[in-house]
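Structure at a glance
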Amino acid sequence: MSTFFGLSIAESGLRVYHAAANTTANNISNVNTKGYSKQVLNTSSSAAIRSYTSWGTISTGVTADSVTQLRSQFYDNKYRAYTGYQSEFETKNEYMLQIENYFRDDSTVRGFGSIYDTMFSSLDSLSTSPADTTVRNQFISDAQNFCSFFNTVASSLESLQQDVNEQINSTVSQVNSIAQKISILNSQINSVEISGSYANELRDERALLVDELSKYVATETKETEVVNSNYPDMYTGATNFEIKINGQLLVDGDRFRQLNCVARDYRVNQSDTRGLYDVYWADNGENFNPTSLSNSGNLKALFELRDGNNEEAFSGTVKSISGTAVTVVKPTLTDENSMTMPQNGTISIGSKNYSYSGFDMYNDLEGNAQYVFYIDSDPNGLSSTAGKTAALGSDIDYKGIPYYQAQMNEFVRAFAKSFNEIEQEGVDLYGNPMGAFFVAESVTGSEIDFYDEPATYFESSGSNYYQLTAGNIRIAKASRDDPSVFSTAMLEKYQNGIDDEEMTNRLLTLQKDTVMYRGSSGQQFLQYIMSDVTIDTEESQLLSNNYYTIANTVANQRTSVSGVDEDEEALDLLKFQNAYSLCSKVISVMTEMYDKLINQTGV
Amino acid sequence: MMRITNGMMMNNTKTNINGNKVSVDRLNTQMSTQKKLTKPSDNALIAIRSLRLNATLSAINQYYENNIPDAQSWMEVTETALTNMKDIVTGAYRLSVNGATDTLTEDDRNTILTQLKSLSSQLYAEADSDYAGRTVFSGYKTNETVTFNKALEASDAKYSIEEKHTYEQIEEAKYYADKAEVPTAAEVDSYASGGVTDTPDSPEEISLYRVRLAYDSQDTINLVEYNFPVETTSTRDDGTVTGNLSVSTKMSTVEVDDGAGGTKMEDVNEQTLTWRSINLGTAFTYYSTEMGGLDHVELQDDRDYKLSFSLDASGKLNVEYDSVVLTKTVKNNGTTQSYANADGEEVFRVITNTDGSYAIRDSSNNRITVNGNSNSSVITDVQGNSLASAANSVVISNYDGKQLVEANFAGTTTTSTSGAVVNGSLATIITSDKAADIENKLSVETMTAAAFEKYLSDCADDPDGMEDAYKDKMIYLADSGEVILGTNLAQNMTSERAGFAFDYDKNGFRSGEVRPEMYYNCVNKTDPANPIVYTNFDEDDGWIYQNIDYQVSANQTLNVNTQIRNVINSDCYRDMEEMTMAVQNAIDAHSSVAEINKMLASSAYDDPKMQEYLKACLNNAQKQAAYADDYMQKKFSSQISRFEKYLSDINLAITDSGSRGERLNLTKNRMANQQTTFTELQSSNDDAEMSDITIDYTSAYTAYQASLQAAGKISDMSLLDYI
């Protein structure tokens, strides 16, 4: 045993506590750094020296083993799961509030209810004075407001859908970029850790990225130690970090996958905007399927908002194929008013997609509705599809934008049809037969007046109410230009006098006595839509709050493990300072002892 | 114990402060908007209830603020006009009392004339009253005035009008034959020089039955419907008189019942058997004989061969053609009997009911209609399927093809008395829906004004002869819009309580005349390309009300309008016109007397012959003046009761309108209450309770302050500060 051994012990203490104070300093300085986990210096007493003396071994001081971070994988996982839900519902809430706003109708915003009631009030005035052009004008302008309401909401929903779509694109880019960053971090961490040390900061950075990723998609992580295949028990220091999103592999060590947004060249729903994105894996082209049940996060919310149809997508069973005409029976939609299929698009039969150029619907001999889709792509393989399921789009269990579009379309079709059918029985002020009052404006700007519609046969390209949507409903130009072109009387009544009110009275029954939409009257339309919107908004608000609270709790728990506490650090600092001072004291004492021994002992 | 870091505390504090801020913000918004909700999803229940209340309130507002005031104004205009009309008719009533009772001077007559003219024009000016440009008395035709008030439009208007009358409107009217005129100098000279040997005939009063139509100066006039008995004896070749047929006609159908005033031809549903257009080939007249059986009809073809069907009391169906009787015994009551053709197939069956009525059906029990033609008849069922082709079969079906009387000659050859084989060519039945047919039977004569004058003159010369000659005749006077009825006809009609309808064309109206569409079924042919048909009466002659109904509450509509027809009888206008004419005639007659007197006194007519002639004329003129005075007095006196009637009509209309006004007031009060109630309901649903909110706000604000304070304390210090 060396005489000066004590100095060396004290010196180890000085070094270790200096390092400990440094760690504490690092902790304190990172107290507000996002994602930072408290680091601790792990120490152990140095290996003792055998002294071959009666008292055995001699301790040799303290050793700094490692600087590690305090992190709980359990809380990390929990935190990420709840963040996923929270961000899913927060996104939904954010967009639902906008949809809710479109349907708003109260003392400050004149919405559907007031517009509808005003229109019928004018009609009521008209019924007391059917021939008065001023009153007619008032009614027609109120009816135009009615159309404008739907046009505006339809175009708002359309641009909202576009916004959502763009957000999907940027979210996917985010996911891609995170995947890439994490894969780089993985290799950096490994290159640090393979040498036996801990890449604390890099791990913090990676964890932060995974936290962010979990906001977008449901994320699972798995870290496994890399073992030497020759010596399975040998620890290499390297780890393999794997990330699965929505159950599918995204990052595997230093390899990562990318998602692609592919703009559709067809529509799934009649009122969809063009160029909606579908998300595929770049490497194998498989569908990412963001709306799966197990998924969460903002991407799922965006997809549900953009495509949510309340599981009312069209589907049926292929009955027969004749050339490129595919007959589909047992369809889910049988009423032209509630049709949501675009005039041409893509239909999936079996597991393959075929583009079609149009479809017909008619009742077979038993009175069951059946469709014929005209496939315009290569019909190869079609012949063997009999009995398979044909579907357009997929059932998405959420009342998203397409749902509200479909509801509005269904309402305007039913309303316009009921209204026009009464109108068409009468004559205008000139005694000419009245045509349709509510018409659809085609893409070319011409009016579709529903005249040629056969009673028994539906053609997707026909002049029928299927062509009418909330976005294109208009008042017939003839009536807009000349208020006399509006029927308030039947021909024979007209001859008996212009102030016959039978027609207007019948039109008035449309306000609340005629069943036309979801088994109730037009007046209740808003109430239905409103309850749909408000219930979903309330739900998203509630769930978003709940998940926020839970995520917050978990975050607290996580912080409880890995957070930096200033008091604690201050205590540590004092503790380490004390220890350091003591070590220093030991050296002073030792110095005095050596002084005594060397300079004064035996001199 | 859980490790708490400063970060956690800060984080929690942050969350808590935010939570407090959210509630402060919410309450603050509630306070500043005074509404419970800022967006519907705050509370779906309240939001949706608010929508419902809004809808109800908006309807109530529409009723209370628009429809009810509108209806009130409308009815005020109506009532004002009605009150004015009442005053005018009262004025006319007073005039008629004056004219009827007093001995009148010339001045009086002139005054009455002026007053009458002005009252008459005022009365109809009131009828044209409008509310905000809409005529209130014209039903749905609010864009039309009640009268023609534009001279040009009136003179261009062309109408075809149908008017219905009953025996009650038959009245005795006085006409004057050989009206006295002021002689011209030439006439006097001619008499003096011996050119004319007779003095003018003295005027005579002729009393005739007439029905006055609503308009004079008609173009054409037709009788189109009547339900009084007309003697239609028909004589066959052999001189047999075939009896009476009572015919009631409508525009397009002929109803037949037996002529004896007894049993009617009825189908099994006891509907009067009516037929139309049963075409068997050639021209037809039909009649019925004295009835023996329960059901009987006879047809006669153009050769006067008679075809008859009858079911007698013993249950036999007799089909007789030209005296050849073909009897199928219909078995006694409650049975069905089949009739087969030559091939043994059942052609039809006769089902006898216990009440004695019967039905003839095909073998599948379908009702049968048969189209006959000159050579063969095809029996078809109602679906038009041919049952059998049977020559010589005849079926009569009712006019909507549902019921029938049928006979089948299949297999039977009948020969006529002349020896010709009669296969088919039985008869043609043409419905007598043409006015001409009826008029032929009635013997109607249309007379111009000149012809009528001649007629009157003849009557004066040979009263009994003329009366006898015209006793069953009808005379149309298109110029004056009158129909003269022969004495017999008039009496028969009265005793039979008959009614009839006329159809006439009128081109050009006078300004101030009532538009025909306000009272009658008519066709406006002013634009020949687009005739407008006005239907004011339904098939049962019921007036079709054109009620303008305002919705005045959720489940109540109020009829606001009164139609002119229910205010003033269309006769009123012509009554006043005739009164004016009577006064005018009296004035004219008296001035004739004065003028002849003047001539007598004139030296130019000193010649005794001339004096003689003029004295004769003066006599005539005086007689004429006496008649005119008498006529006017009688006319006015007869008007007294009429005006009383018109007054009571107007009073009724005023009362009716007034009671509706009362109802409207009640509704208005109710709506006012409802408006208040719903406004309150809406307010209690939507509006925030200020005291609650203020308290909540204060406590939320306090909590917010406290959380800020706590946060301040927490972030204030850590152990590091003490090192």
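Residues numbered from 1 in each chain as written. Chains lettered and ligands numbered in written order. Predicted model: local features only at pLDDT ≥ 70, side-chain atom pairs only at ≥ 80, totals over all residues. Heavy atoms only, no water.

1. Here's the deal with the overall build of chain A
Along chain A, the regular secondary structure elements total twelve helices and 22 strands. Here the C-alpha coordinates of chain A stretch approximately 145 × 60 × 35 Å along the principal axes. Buried residues in chain A amount to 52% of all 603 residues. Accessible surface for chain A amounts to roughly 26,400 Å². Of this, 50% is attributable to carbon and sulfur atoms. Placing the 42 positive and 78 negative side-chain charges of chain A at their respective mean positions leaves the two points 8 Å apart. (Helix = DSSP H or I, 4+ residues; strand = E, 2+ residues; numbered from the N terminus. Buried < 20%, exposed > 50% of the residue type's maximum accessible area, 1.4 Å probe, protein only. Areas by Shrake-Rupley, 256 points an atom, 1.4 Å probe, with all protein chains shown as cover. Lys, Arg positive; Asp, Glu negative; His and termini not counted. Charge placed at Lys NZ, Arg CZ, Asp CG, Glu CD.)

2. Describing the sheet that holds strand 26 (residues 474-477) of chain B
Residue and element names in this part refer to chain B. The five strands are arranged 4-5-27-26-25 in an open sheet whose pairing can be described as mixed. Strands with a single pairing partner mark the edges of an open sheet, and in this sheet they are strand 4 (171-177) and strand 25 (444-447). For this sheet, the mean angle separating the axes of adjacent strands, direction not counted, is 40 degrees. Examined bridge by bridge, strand 26 and strand 27 (residues 482-485) share four bridges and lie antiparallel to one another. In the sheet register, Ile475 faces strand 27, and the bridge partner there is Ile484. Each of strand 4 and strand 5 (204-212) is contacted by helix 11 (residues 608-686), which is oriented at about 30 degrees to strand 5, the strand it contacts most. (Pairing = 2+ DSSP bridges. Axes fitted to C-alpha atoms, helices over the stretch in contact; angles between N-to-C directions. Contact = heavy atoms within 4.5 Å.)

3. Topic: the nonpolar core
Within the largest apolar cluster, 105 residues are counted, with the highest numbers of intra-cluster contacts made by Met85, Leu485, Phe502 and Ile564 of chain B. Counting residues per element, this core draws most heavily on helix 11 of chain B, which supplies 19 residues. Leu485 of chain B has contacts with Ile170, Tyr209, Val211, Lys473, Met474, Ala490, Met493 and Phe500 of chain B, leaving out every residue within four places of it along the chain. Membership of the second largest hydrophobic core comes to 95 residues, among which are Ile245, Val279, Leu299 and Phe438 of chain A. (Core = buried A, V, L, I, M, F, W, Y, C linked by side-chain atoms within 4.5 Å.)

4. Examining a negative patch on the surface
A grouping of Asp198, Asp201, Asp461, Asp462, Asp464 and Glu467 of chain B is seen on the molecular surface, where their side chains present a negatively charged patch. Take Asp461 of chain B: it is sitting in helix 7 (residues 449-461). (Patch = residues over 30% accessible without salt bridge, like charges linked within 9 Å, V, L, I, M, F, W, Y side chains within 5 Å. Salt bridge = Lys/Arg side-chain N within 4 Å of Asp/Glu carboxyl O.)

5. With respect to the interface of chain A and chain B
At the junction of the two partners, chain A supplies 48 residues and chain B supplies 48 residues. Viewed at the interface, chain B and chain A are joined by one salt bridge. The interface formed by chain A and chain B includes 16 residue pairs in polar contact (both at pLDDT 80 or more). For the side of chain A that touches chain B, the elements supplying multiple residues, two or more each, are helix 2 (73-102), helix 3 (112-128), helix 9 (491-496), helix 11 (523-562) and helix 12 (566-600) of chain A. Per element, the largest residue contribution to the side of chain A that touches chain B is 17 residues, and it comes from helix 11 of chain A. For the side of chain A that touches chain B, the class distribution of residues is twelve nonpolar, 21 polar and 15 charged. (Polar contact = N/O pair within 3.5 Å; in protein donor to acceptor, adjacent residues only side chain to side chain. Nonpolar A, V, L, I, M, F, W, Y, C, P; charged D, E, K, R; others polar.)

6. Looking at helix 6 (residues 298-307) of chain A
Residue and element names in this part refer to chain A. In terms of burial, helix 6 is largely enclosed, as ten of its ten residues are buried. Along helix 6, the residues that are buried comprise Asn298, Leu299, Lys300, Ala301, Leu302, Phe303, Glu304, Leu305, Arg306 and Asp307. Buried residues along helix 6 sit against helix 2, helix 4 (133-193), helix 5 (200-216), strand 10 (277-281) and helix 7 (401-423).

7. Comments concerning the pattern of salt bridges
All names here are of chain B. What the rule picks out here adds up to 56 salt bridges over all chains. Here Lys623 and Glu204 are joined by a salt bridge, their closest N and O atoms 3.5 Å apart. Of this pair, Lys623 sits in helix 11 while Glu204 sits in strand 5, placing them 419 residues apart in sequence. A residue is classified by how much of its surface remains accessible, and Lys623, at 28% relative accessible area, is partly exposed. Residue classification places Glu204 among the partly exposed residues on the basis of a relative accessible area of 29%. Each of Glu171, Arg210, Arg212, Glu482, Asp571, Asp575, Glu578, Lys635 and Arg642 takes part in a single network of salt bridges with overlapping partners.

8. Some remarks on the packing of helix 4 of chain A against helix 7 of chain A
All names here are of chain A. Two numbers describe how helix 4 lies on helix 7: the axes approach to 10 Å, and their chain directions differ by 160 degrees. By the angle class used here, helix 4 and helix 7 are roughly antiparallel. Seen from above, helix 4 lies across helix 7 with left-handed handedness. Residues Phe139, Phe146, Phe150, Val153, Ala154, Leu157, Glu158, Leu160, Gln161 and Val164 of helix 4 form the contact with helix 7, whose participating residues are Ile401, Pro402, Tyr404, Gln405, Met408, Phe411, Val412, Phe415 and Phe419. Classifying every residue of the contact of helix 4 with helix 7 gives 16 nonpolar, two polar and one charged. (Parallel < 35°, antiparallel > 145°, perpendicular 65-115°, else oblique. Left-handed = near helix turned anticlockwise from the far one by under 90°.)

9. Details of the sheet that holds strand 5 (residues 219-227) of chain A
Residues and elements named next belong to chain A. With antiparallel pairing, four strands are arranged side by side in an open sheet as 5-6-7-8. Each edge of the sheet is formed by a strand with only one pairing partner; in this case those strands are strand 5 and strand 8 (255-256). Here four bridges tie strand 6 (residues 235-245) to strand 7 (residues 248-252), and the two strands are oriented antiparallel to one another. Note on strand 7: the bridge partner recorded for Ile243 is Val251. Together, strand 6, strand 7 and strand 8 form the strand contacts of helix 4, whose direction differs from that of strand 6 by roughly 170 degrees.

10. Some words on the confidence of the model for chain A
Any segment with low pLDDT has predicted coordinates that should not be analysed in fine detail. Overall, the predicted model of chain A reaches an average pLDDT of 87, with 97% of residues at or above 70. Mean pLDDT across the elements of chain A ranges from a minimum in helix 9 of chain A, with 66, to a maximum in strand 8 of chain A, with 94. (pLDDT = per-residue confidence, 0-100.)

11. With respect to the side chain of Thr219 of chain A
Relative to the helices and strands, Thr219 of chain A resides in strand 5. Ignoring any residue separated from it by four or fewer positions in sequence, one finds Thr219 of chain A in contact with Val210, Leu213, Ser214, Ile243, Lys244 and Ile245 of chain A.

12. Here's the deal with the packing of aromatic side chains
The final tally for this structure, using the stated rule, is 66 aromatic pairs over all chains. A ring pair is formed by Phe112 of chain A and Phe150 of chain A, whose centres lie 5.5 Å apart and whose planes are at 70 degrees; its orientation type is edge-to-face. Of this pair, Phe112 of chain A sits in helix 3 while Phe150 of chain A sits in helix 4, and the two are 38 residues apart along the sequence. The same class applies to Phe112 of chain A and to Phe150 of chain A, which are both buried. Ring centres 6.3 Å apart and planes at 10 degrees place the aromatic pair Phe139 of chain A and Phe419 of chain A in the stacked group. Here Phe139 of chain A is found in helix 4, whereas its partner Phe419 of chain A is found in helix 7, with 280 residues between them in sequence. We note that Phe139 of chain A, like Phe419 of chain A, is buried. The ring of Phe241 of chain A has Arg206 of chain A sitting right over it, with the charged end atom 3.6 Å from the ring centre. Directly above the ring of Phe509 of chain B sits Lys506 of chain B, whose terminal nitrogen or CZ lies 4.9 Å from the centroid. (Phe/Tyr/Trp six-rings, centres within 6.5 Å; stacked < 30°, edge-to-face > 60°. Lys NZ or Arg CZ within 6 Å of the ring centre and 35° of its normal.)

13. Focus on the confidence of the model for chain B
Residues and elements named next belong to chain B. Across chain B, the average pLDDT comes to 72, with 69% of residues at 70 or higher. In the model, residues 229-297 has pLDDT below 50 throughout and makes 192 contacts with residues more than four positions away in sequence or in other chains. Long-range and interchain partners of residues 311-317, a stretch whose pLDDT sits below 50, account for 28 contacts in this model, where long-range means more than four residues apart. Interface confidence in the predicted complex, given as ipTM, is 0.73; pTM for the same model is 0.71.

14. As for unusual backbone geometry
Residues and elements named next belong to chain B. A positive phi angle, near 65 degrees, is found at Gln34, a position not held by glycine. By the secondary structure assignment, Gln34 is in the loop between helix 1 (6-33) and helix 2 (44-101). Phi angles above zero are rare outside glycine, and Ala132 is one such case at about 50 degrees. With respect to the helices, strands and loops of the structure, Ala132 is situated in the loop between strand 1 (130-131) and strand 2 (134-135).

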